[in-house]
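An overview of the molecular structure
Okay, here's what each chain looks like letter by letter:
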2 protein chains.
Amino acid sequence: MRAEIITIGDELLIGQVVDTNSARMAQQLNDNGIELYQITSVHDDREHIIAAIDDAFKRVDIVLTTGGLGPTKDDITKQVLCDYFDTHLIEDERVRTHIKELYKNRPDILNRLTATQWMVPECAVILPNRVGSAPLMVFHHGKQLLVSMPGVPYEMEIAMEEQILPYILNYELQNTNHEFGHILHRTLQVTGISESALAIILEDFEAQKPGYIRLAYLPKDGIIRLRLSSYGEATEEEMSEWFEKLKTLVREYLIAETDEPLEVIVGKLLVSQGATIATAESCTGGKLASLLNKHAGSSTFYWGSIVSYDNSVKERLLGVPKEVLNTRGAVSEETVRIMAESVRKQIGTTYGIATSGIAGPTGGSESKPVGTVWIAWATPEGTRAECFHLGKLREQITDRACAKALTGMIKILSSKQGNSK
Amino acid sequence: MRAEIITIGDELLIGQVVDTNSARMAQQLNDNGIELYQITSVHDDREHIIAAIDDAFKRVDIVLTTGGLGPTKDDITKQVLCDYFDTHLIEDERVRTHIKELYKNRPDILNRLTATQWMVPECAVILPNRVGSAPLMVFHHGKQLLVSMPGVPYEMEIAMEEQILPYILNYELQNTNHEFGHILHRTLQVTGISESALAIILEDFEAQKPGYIRLAYLPKDGIIRLRLSSYGEATEEEMSEWFEKLKTLVREYLIAETDEPLEVIVGKLLVSQGATIATAESCTGGKLASLLNKHAGSSTFYWGSIVSYDNSVKERLLGVPKEVLNTRGAVSEETVRIMAESVRKQIGTTYGIATSGIAGPTGGSESKPVGTVWIAWATPEGTRAECFHLGKLREQITDRACAKALTGMIKILSSKQGNSK
């Protein structure tokens, strides 16, 4: 079964908003055996929306639209769908009750514009939107479905998970007796090798594997993710077999056997070893900290950080001697080692990671150009430090520095994991 | 002149990667008077790419494709474009020289797969890719253009800015004598009012303004951005006039007269007042710090942070008495006030912001449910603290907490700006 996402909103087409919804929906669809065939982003414009729906119905079984469901005049999706499916708006008692309950403490919201939210297309199946006011609408179009949902990311995510996916899966089962295609993805992550060098190592593998198992290379921030995919043809056993072969071929560079973010892998390794971590950050400026505590449950292993953006903070809060800062510089092995050891000691964790670098655009010199980053890992067994050159653009440098810091931590923790076995 | 972006890559359609490129390209196109009409994301699949190009040529003048240009087998865009434009690959001397120079210190990359990168379609105009190995290709299709560029974000961005936009603008000027449509967007930001209440305030405004000036509402993290747009019809003066009217109507809720991120507005206000800032973060975990130092030039006003995720860190590094933590709790007015004052004093900045809240999914109670966040702003004139309820989902709560912290700071700094005038 194939789906297409149509995201509706001028804000996407003028670059005012990044479309994070589609990626999340894509994951949810894939996890449920529904192939996402295409994503189309269109303007808040009647003719444009209609053309996009027409085209999508030629390509796929299920059309999922997001956006344009707010109470304001620029939101036109509901009316366009009424026209498309030749229906009209009627009041929905359940939606009205839900909205009145949702905003019972917010009289400023319960006004006549919000009241338009409980008007729904007569021919649509209405599913409840637990966390917002825009109802979820399902239109049946022959054997095809069109689902309209709000574009607010967390409303969309809950709607998909709790209402829309179950509805689609159930509909498909009852009406077509289709077995769902078995979509399989397996990803591993490697580092320390270029994409083309990796491809040469994998030439025989690519020639031998069946054509319906696809291999993709996804390089980012010095990590290459290698993904095997199959859309319905490979069995789980077959995928596992090829995945094991792949793993063996790249073992030397392997840092993860899953697609999990690096900080999740670090977190799991720390928890399994009963260990904790703190960071001292200069150039990464708190980004590493916020990655480490991004996911639920991080308070078990992540305790805190000192972001020492200014040199006075390195001196006062991390005890880097003024002399070291003056003679070696803030971006130096000496400084970053003291930072890592100091934060580990002060916060009282098993490990401490420190970063100091030149994120640019200014501040570079001939001996330390923009992109130079020192990273140190303080451990109970001692401190290791390494210098990297991570490119020229500010965001790229800090993202890559976080990836290097986490990759280094994974290596340290994995070697212990190996030893303790 | 209209453009469409076709992003090529399975990773987008299985949700392994968020498409940030399209938003950036959309901004670049709009800034140069080129309307982005549609974004289409397709699989690394020959027939699918061809169908998407065919469809796009029916809609727009310029088709911009990203992705599928790497040296590995899963990258098929170049070959598909050769087939589409009925041409074949030839060696390009300049591209070869560039790649050899680019990787002169990386012999592991200069292998036979990388060598495929200097093979280019004979009929294409080749533009240099200063920072990567995949050449930029322009195909002329009657009066229409198709441009193919790599999907690596920073390569794409530099390519657009330095090569592709100048090429397109120059081509259009020479070949059609077209004047570029004048695309105008003006955005302001408000807070403290619901979308529907705002729309009621703006009803007369919406009825009076010309139809070719569009008003859009973009709510996010407690901020609503109001955008006026015109695609070629309104003059700058006319836009300014309606923008001023809009500003007057929402003055009570106004926090910014531009679309700049909140942290940029805070930074500019701090710099103009010669002031500095530090943060003490619990629930936001370094996210506020990394926002404040995200942009170039932030070292002038942002000095550092203490991320006190664990209570022991609040006690030891921020001096929150154990008694306060035990009797009032980590998420309390008392704690957050001490945190803000302590970080301001220890780092020695003009201002200190502190956050402490329950980001969930666990840790909530009846009196302090998940989503409860205390924020304090320590200033030379004293400390202000406020409690917020920011939803139920972890990422939403921390994003909104950052927005509230920055909004509060803007209010404090703006009132001073007003006073000092």
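Everything here concerns the structure above.
Rules of the game
Residues numbered from 1 in each chain as written. Chains lettered and ligands numbered in written order. Predicted model: local features only at pLDDT ≥ 70, side-chain atom pairs only at ≥ 80, totals over all residues. Heavy atoms only, no water. Helix = DSSP H or I, 4+ residues; strand = E, 2+ residues; numbered from the N terminus. Buried < 20%, exposed > 50% of the residue type's maximum accessible area, 1.4 Å probe, protein only. Contact = heavy atoms within 4.5 Å. Areas by Shrake-Rupley, 256 points an atom, 1.4 Å probe, with all protein chains shown as cover. Lys, Arg positive; Asp, Glu negative; His and termini not counted. Charge placed at Lys NZ, Arg CZ, Asp CG, Glu CD. Pairing = 2+ DSSP bridges. 1 Å grid on protein atoms, 1.4 Å probe; cavity = no way out; pocket = protein on both sides within 12 Å on 5 of 7 lines; lining within 4 Å. Points joined across faces, edges and corners; volume = space filled by probe spheres on them. Nonpolar A, V, L, I, M, F, W, Y, C, P; charged D, E, K, R; others polar. Axes fitted to C-alpha atoms, helices over the stretch in contact; angles between N-to-C directions. Buried area = accessible area lost by both parts, 1.4 Å probe. Salt bridge = Lys/Arg side-chain N within 4 Å of Asp/Glu carboxyl O. Polar contact = N/O pair within 3.5 Å; in protein donor to acceptor, adjacent residues only side chain to side chain.

1. Notes on the overall build of chain A
Helix and strand counts for chain A stand at 16 helices and 17 strands. Put simply, chain A has 421 residues, and 57% of those count as buried. The contacts of chain A with a sequence gap of at least 6 include a subset with a gap of at least 24, amounting to 66%. When the accessible area of chain A is evaluated, it comes to approximately 17000 Å², of which 50% is carbon and sulfur surface. Seen as two clouds, the 43 positive and the 56 negative side-chain charges of chain A have centres 7 Å apart.

2. With respect to the pairing of strand 8 (residues 144-149) of chain B
Residue and element names in this part refer to chain B. For strand 8, the buried fraction is high: six of the six residues fall into the buried class. Here strand 8 shows a buried face lined by Gln144, Leu146 and Ser148 and a second buried face lined by Leu145, Val147 and Met149. Bridge analysis of strand 3 (residues 62-66) against strand 8 gives five bridges, and the strand direction is parallel. Bridge pairing in strand 8 links threonine 66 to methionine 149. By the bridge criterion, five bridges tie strand 7 (residues 136-141) to strand 8 in an arrangement that is antiparallel. Bridge pairing links phenylalanine 139 to leucine 146 in strand 8.

3. Let's talk about empty space enclosed by the protein
Summed over all chains, the structure comprises three cavities of 30 Å³ or more. Around the largest cavity sit 15 residues that line it, and Asp19 and Ser41 of chain A together with Asp19, Ser22 and Ile39 of chain B are the ones nearest its centre. For the lining of the largest cavity, the residue count by class is nine nonpolar, four polar and two charged. Estimated volume of the second largest cavity: approximately 90 Å³. Lining of the second largest cavity is provided by Cys283, Thr284, Lys287, Tyr309, Ala359, Arg394, Glu395 and Thr398 of chain A together with Ser290, Asn293 and Lys294 of chain B. Ranked by residue count, the leading element in the lining of the second largest cavity is helix 16 (residues 394-420) of chain A, at three residues. Partitioning the lining of the second largest cavity into residue classes produces three nonpolar, four polar and four charged.

4. Considerations on the sheet that holds strand 10 (residues 214-220) of chain A
Residue and element names in this part refer to chain A. Read from one edge of the open sheet, four strands run 10-11-9-12, paired in antiparallel fashion. Every interior strand has two partners, whereas the edge strands, strand 10 and strand 12 (254-256), have only one. Each adjacent strand pair in this sheet contributes to an overall mean axis angle of 30°, direction not counted. Across seven bridges, the pairing between strand 10 and strand 11 (residues 223-231) is antiparallel. Paired with arginine 214 across the strands is serine 229, a residue of strand 11.

5. Quick look at the sheet that holds strand 9 (residues 183-191) of chain B
Residues and elements named next belong to chain B. Taken in spatial order, the four strands of this open sheet run 10-11-9-12, and their pairing is antiparallel. Because the sheet does not close on itself, it has two edges, and the strands there are strand 10 (214-220) and strand 12 (254-256). Averaged over all adjacent pairs, the angle separating strand axes in this sheet is 35°, with direction ignored. Its contacts with the sheet put helix 10 (residues 236-250) on strand 9, strand 10, strand 11 (223-231) and strand 12, and the angle it makes with strand 9 is roughly 10°.

6. Describing the interface of chain B and chain A
The interface is formed by 95 residues belonging to chain B together with 95 residues belonging to chain A. Taken over both partners, the interface formed by chain B and chain A buries close to 7500 Å², and the fraction arising from carbon and sulfur atoms is 52%. At the junction of chain B with chain A, the criterion picks out six salt bridges. Of the charged contacts in the structure, one is a salt bridge between aspartate 55 of chain B and arginine 59 of chain A, with a shortest N-O distance of 3.7 Å. Our count for the chain B to chain A interface comes out at 57 residue pairs in polar contact (both at pLDDT 80 or more). For the side of chain B that touches chain A, the residue count by class is 36 nonpolar, 31 polar and 28 charged.

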